[in-house]
Amino acid sequence: MNQPNNAGQYAPATQRNREPILEVLLEVLPPTGTVLEVSSGTGEHAVFFAPRLHPRKWIPSDPNPVARASISAWREHCPTDNLYPPIALDARDPVWEVEQNELPKQLHDLDLKLHPIAAIVNINMIHIAPESAYLGLMAGAKRILPPGGILYLYGPFKQRGKHTAESNVAFDQSLRAQNPEWGVRDLDDVVAVAQAHNLSLVRTYTMPANNLSVIFQA
Ligand SMILES: C[S@@+](CC[C@H](N)C(=O)[O-])C[C@H]1O[C@@H](n2cnc3c(N)ncnc32)[C@H](O)[C@@H]1O
């Protein structure tokens, strides 16, 4: 890909993790419908995944206006008919814009009755945000996903209270130093919260660089 305009940001990890994530998404996503990406960041994942996951529709989102400008820049740079403009979505909000009768203007040509949200994808957010973000994410998934709908999480996780790699110990420490409310989450805690929101753990995939893909189903 050439350069997007100046608003387009780069997160080098997306280049490394996008292919392995795509492989899992192709396996676990429902074949049709709309995918809502929560915390799209730069938008590099969105422009990579959307054309490869046709005919599904892809809605990117982020609460940060700088991130939304970056997503828009990448979208203009790599136009794909099934990729919508980014919406403002903070996972902690008690109601997300996509739940309202009046959709945000970016989504006016998307018929969510014809192409309902069948999956929510969330990559590298829950450890780089306060716990309230993933609690909100689970609550939103419970409200929005139809039976059989998929919640996909990607990131580093502790398992049974323990880090799975030395590099994750250091990463966790650096996160907590930046913000005491951030930190690598324990998979058991995340699964317990998910279950409390009627989301069942389907399976986990071991991913490169000591990350996991975690698949929940409504
Ligand atoms: C490390 S970045 C990951 C971005 C992208 N998914 C990626 O893998 O490159 C974390 C993102 O989470 C977003 N974020 C933080 N708190 C959030 C919240 N409460 N709801 C939704 N997104 C949030 C940030 O704005 C940021 O874009």
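Look a little higher up for the structure.
Please read these numbers as outputs of a predicted model, since none were measured by experiment.

A few words now on the sheet that holds strand β1 (residues 34-38). Strand pairing in a sheet relies on backbone hydrogen bonds. The paired strands run either parallel or antiparallel. Strands sit in the order β2-β1-β3-β4-β8-β7 across an open sheet of 6 strands; the sheet is mixed. Edge positions in the sheet fall to β2 (57-59) and β7 (200-207), since each has one partner strand and no second. Along the sheet, successive strands turn relative to each other by an average axial angle of 20°, direction set aside. As defined by bridge partners, β1 adjoins strand β3 (residues 117-123) across 5 bridges and the pair is classed as parallel. Residue pairing in the sheet places leucine 36 in a bridge with isoleucine 120 of β3.

Around the ligand sit 18 residues in total, of which Ser39, Asp62, Asp90, Ala91 and Ile123 are the nearest. Separating a nitrogen atom of the ligand from a backbone N or O atom of serine 39 is a distance of 2.7 Å. Between aspartate 90 and the ligand, the recorded distance is 2.9 Å, taken from a side-chain N or O atom to a nitrogen atom. Coverage of the ligand by the protein amounts to 81% of the 600 Å² it exposes when considered alone.

A word on the side chain of histidine 127. Examined against the element boundaries, histidine 127 turns out to sit in the loop between β3 and α4 (131-144). When sequence neighbours within four positions are dropped, the list of residues in contact with histidine 127 reads Gly155, Pro156, Phe171, Leu175, Trp182, Gly183, Val184 and Arg185.

What follows is about the pairing of strand β8 (residues 211-217). Across the 7 residues of β8, 6 count as buried, placing the element largely inside the fold. Pairing between strand β4 (residues 150-155) and β8: 6 bridges, direction antiparallel. Each residue of the ladder has a partner; that of tyrosine 154, found in β8, is serine 213. In textbook terms, the turn of a hairpin is the stretch between consecutive antiparallel strands, and for β7 and β8 this stretch comprises 3 residues, one of which, alanine 209, has a positive phi near 60°.

The rules behind these values
- Residues numbered from 1 in each chain as written.
- Predicted model: local features only at pLDDT ≥ 70, side-chain atom pairs only at ≥ 80, totals over all residues.
- Heavy atoms only, no water.
- Pairing = 2+ DSSP bridges.
- Helix = DSSP H or I, 4+ residues; strand = E, 2+ residues; numbered from the N terminus.
- Axes fitted to C-alpha atoms, helices over the stretch in contact; angles between N-to-C directions.
- Near = heavy atom within 4 Å.
- Polar contact = N/O pair within 3.5 Å; in protein donor to acceptor, adjacent residues only side chain to side chain.
- Areas by Shrake-Rupley, 256 points an atom, 1.4 Å probe, with all protein chains shown as cover.
- Contact = heavy atoms within 4.5 Å.
- Buried < 20%, exposed > 50% of the residue type's maximum accessible area, 1.4 Å probe, protein only.

This is a description of form; function is not addressed.
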